[in-house]
Amino acid sequence: QVQLVESGGGLVQAGGSLRLSCAASGRTFRAYAMGWFRQAPGKEREFVAAITWDARNTYYIDSVKGRFTISRDNAKNTVYLQMNSLKPEDTAAYYCAAGISYGSTAAEYDYWGQGTQVTVAS
């Protein structure tokens, strides 16, 4: 089992920045690829970014490329999502996930956090 706890969400003005953190406990964190997903009210959960276990590869949805950066610190069992130039359409609950596969679909991830809310005001 892997337990994931997100933090760092909040209310920010458009153009602002937030850094989300996801702290992992339980089984070996470094064995897992990590992903960030988001879900806005009335919409399906959407892939945002992923990173391989060794941080050598990252992958982003087109709408956040150049604005968001995923990173991880295996010594701290933590993955981050730095979000810059935020837009109102980035408003959603953000979830981190851990899985053996490095992919963009929710089915590829085995463990999920409870989510943290990000609200971007226009």
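The preceding data block contains the structure.
Notes on the structure follow. Every value quoted in this text rests on a predicted model; they were computed, and no experiment measured them. (Residues numbered from 1 in each chain as written. Predicted model: local features only at pLDDT ≥ 70, side-chain atom pairs only at ≥ 80, totals over all residues. Heavy atoms only, no water.)

Description of the overall build of the chain
Going by this rule: Only DSSP runs of H or I reaching four residues or more are called helices, and only runs of E reaching two or more are called strands; each is numbered from the N terminus. Here the globule rule reads 2.2 Å times residues to the power 0.38, and the radius of gyration is calculated from C-alpha atoms.
On a plain count of helices and strands, the chain comes out with 0 helices and 11 strands. Mapped in sequence order, the helices and strands of the chain form the string β-β-β-β-β-β-β-β-β-β-β. The C-alpha radius of gyration of the chain comes to 13 Å, within 12% of the 14 Å expected for a compact globule of 122 residues. Seen through its principal axes, the chain has C-alpha atoms that stretch 40 × 25 × 25 Å.

Quick word on the nonpolar core
Our working definition: In plain words, nonpolar cores are sets of buried Ala, Val, Leu, Ile, Met, Phe, Trp, Tyr and Cys residues tied together by side-chain atoms within 4.5 Å. Only protein chains enter the accessibility calculation, which uses a 1.4 Å probe; a residue is then buried when its area is under 20% of its type maximum, exposed when over 50%, and partly exposed in between. Any two residues whose heavy atoms approach within 4.5 Å are treated as being in contact.
Counting residues in hydrophobic clusters, the biggest one holds 30 residues, and the most contacted among them are Leu4, Met34, Trp36, Leu81, Met83 and Tyr94. For Leu4, the contacting residues outside a window of four places in its chain are Cys22, Ala23, Ala24, Met34, Cys96, Ala97, Ala98, Tyr111, Trp112, Gly113 and Gln114. Grouped together as the second largest cluster of nonpolar side chains are 5 residues, Phe37, Phe47, Ala50 and Ala97 included.

So, the side chain of Arg67
Put simply, the rule reads: Polar contacts here mean pairs of N or O atoms no more than 3.5 Å apart (in protein, one a potential hydrogen donor and the other a potential acceptor; neighbouring residues in sequence count only if both atoms are side-chain atoms).
Following the sequence through the fold, Arg67 ends up in the loop between strand 6 (58–60) and strand 7 (68–73). The exposure class assigned to Arg67 is buried, which follows from its relative accessible area of 10%. Reaching out from Arg67, the side chain makes a polar contact with the side chain of Asp90 at a distance of 2.7 Å. For Arg67, the residues in contact, after removing those within four places along its chain, are Gln82, Met83, Asn84, Ser85, Leu86, Lys87 and Asp90.

Regarding the side chain of Arg72
Basically, it comes down to this: In summary, the charge assignment counts Lys and Arg as positive and Asp and Glu as negative, without counting His or the chain termini. Salt bridges, as used here, are contacts in which a Lys or Arg side-chain nitrogen is within 4 Å of a carboxyl oxygen on Asp or Glu.
Checked against the element boundaries, Arg72 lands in strand 7. The buried charged residue Arg72 lacks any salt bridge partner; its closest oppositely charged side chain belongs to Asp54, at an N-O distance of 7.1 Å. For Arg72, the side chain forms a polar contact with the main-chain oxygen of Trp53, separated by 3.5 Å. One polar contact links Arg72 to Asn74, side chain to side chain, over a distance of 2.8 Å. Excluding residues that lie within four positions of it along the chain, Arg72 makes contacts with Phe29, Arg30, Tyr32, Ala33, Met34, Ile51, Thr52, Trp53, Ala55, Thr78, Val79 and Tyr80.

Re the pattern of salt bridges
If you walk through the whole model with that rule in mind, you get 5 salt bridges. A salt bridge links Asp62 to Lys65; the shortest N-O distance between them is 3.0 Å. Between Asp90 and Arg67 there is a salt bridge, with its nearest N and O atoms 2.7 Å apart. With Asp90 in the loop between strand 8 (78–83) and strand 9 (92–99) and Arg67 in the loop between strand 6 and strand 7, this residue pair connects regions lying 23 residues apart in the sequence. Residues participating in the shared-partner salt-bridge network are Arg38, Glu46, Arg67 and Asp90.

What about the packing of aromatic side chains?
What describes a pair of aromatic rings is the distance from one ring centre to the other and the angle between the planes of the rings. Stated formally: When two rings of Phe, Tyr or Trp (its six-membered ring) have centres within 6.5 Å they constitute a pair, described as stacked for plane angles under 30 degrees, edge-to-face for angles over 60, and tilted for the intermediate range. Lysine NZ or arginine CZ positioned within 6 Å of the ring centre and within 35 degrees of the ring normal marks a charge as sitting over the ring.
Under the defined criterion, the tally for this structure stands at 6 aromatic pairs. Aromatic side chains Tyr109 and Trp112 sit 6.4 Å apart centroid to centroid with 70 degrees between the ring planes, which places their arrangement in the edge-to-face category. Judged by relative accessible area, Tyr109 falls into the buried class, the value being 4%. These aromatic residues form a ring-pair network of at least three members: Phe37, Phe47, Tyr59, Tyr109 and Trp112. The ring of Tyr95 carries Arg45 above its face, with NZ or CZ at 3.9 Å from the centroid. It is Arg72 that lies over the ring of Phe29; its NZ or CZ is 4.4 Å from the centre.

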